[in-house]
Each structure stands twice: as structure tokens, then as C-alpha cells.
Amino acid sequence: MTDAPTKDSNGNILSDGDSVTLIKDLKVKGSGGVTLKRGTMVRNIRLTDDTDEIEANVEKVRGLVLKTDFVRKA
């Protein structure tokens, strides 16, 4: 694990428990066709060992891993 901070698409530093907003429509693989719309608020994120990914629970999808390129801090 590196000491580099996890950053959103705008360069803001993210931490555990932050809320983020999606900046792009995302199709969720393996979820039966669920699409997360742009502007969806994701609350209470968890950081992972990879600085390019975060974990979150969204609507019907639990344990979702999102790339930080597609979120911005709310």
C-alpha cells in the first residue's frame, strides 16, 4: 500500500465516510442491468488498498467498487 492519498476526479482528497457524486452514467456488471445515473449521491464510502478505487453501497447494489475517475466529492 502506498502513502499517496485517494483523490476524486477533481483532485480533492477522499477519506472514509465521505459522500461522493457520480459524474457519469455507469452500468453495473453482474447486477441484472442496473444503471447508476449521473448525479447519484453515494454516501459513506470506504477506501480500499488501491488509491484508484473506493467501495460503497448504492441503492440495490451492495459492496460496489467504483473508480475514483467517475466520482467527485460532494
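It should be noted that the structure appears before, not after, this text.
*Asks:* What exactly am I supposed to notice about the environment of Lys7 here?
*Replies:* Looking at the secondary structure, you find Lys7 in the segment before strand E1 (20–22). Distance in space between the C-alpha atoms of Lys7 and Glu53 is 9.5 Å, their sequence separation being 46 residues. When sequence neighbours within four positions are dropped, the list of residues in contact with Lys7 reads Asn12, Ile13, Leu14, Thr51 and Thr68.

*Asks:* For this particular structure, what's the right way to read the sheet that holds E1?
*Replies:* Adjacent strands of a sheet pair through backbone hydrogen bonds, lying either parallel or antiparallel. Pairing in this open sheet of 3 strands is antiparallel, and the strands run E4-E1-E8 from one edge to the other. Whereas interior strands pair on both sides, the edge strands pair on one side only; in this sheet they are strand E4 (41–42) and strand E8 (71–73). Here 2 bridges tie E1 to E4, and the two strands are oriented antiparallel to one another. Paired with Thr21 across the two strands is Met41, which belongs to E4.

*Asks:* Would you mind showing me how to read the pairing of strand E6 (residues 53–58) here?
*Replies:* Remember that side chains alternate between the two faces of the sheet whenever the strand is regular. Burial along E6 is one-sided: the residues Ile54, Ala56 and Val58 are buried and none of Glu53, Glu55 and Asn57 is. Here 2 bridges tie strand E5 (residues 46–47) to E6, and the two strands are oriented antiparallel to one another. Bridge pairing links Leu47 to Ile54 in E6. Taking the residues between adjacent antiparallel strands as the criterion, E5 and E6 are bridged by 5 residues. Across 5 bridges, the pairing between E6 and strand E7 (residues 61–67) is antiparallel. Counted as the bridge partner of Glu55 is Val65 from E7.

Scoring rules and cut-offs
- Residues numbered from 1 in each chain as written.
- Predicted model: local features only at pLDDT ≥ 70, side-chain atom pairs only at ≥ 80, totals over all residues.
- Heavy atoms only, no water.
- Helix = DSSP H or I, 4+ residues; strand = E, 2+ residues; numbered from the N terminus.
- Contact = heavy atoms within 4.5 Å.
- Pairing = 2+ DSSP bridges.
- Buried < 20%, exposed > 50% of the residue type's maximum accessible area, 1.4 Å probe, protein only.

Keep in mind these values describe shape, not function.
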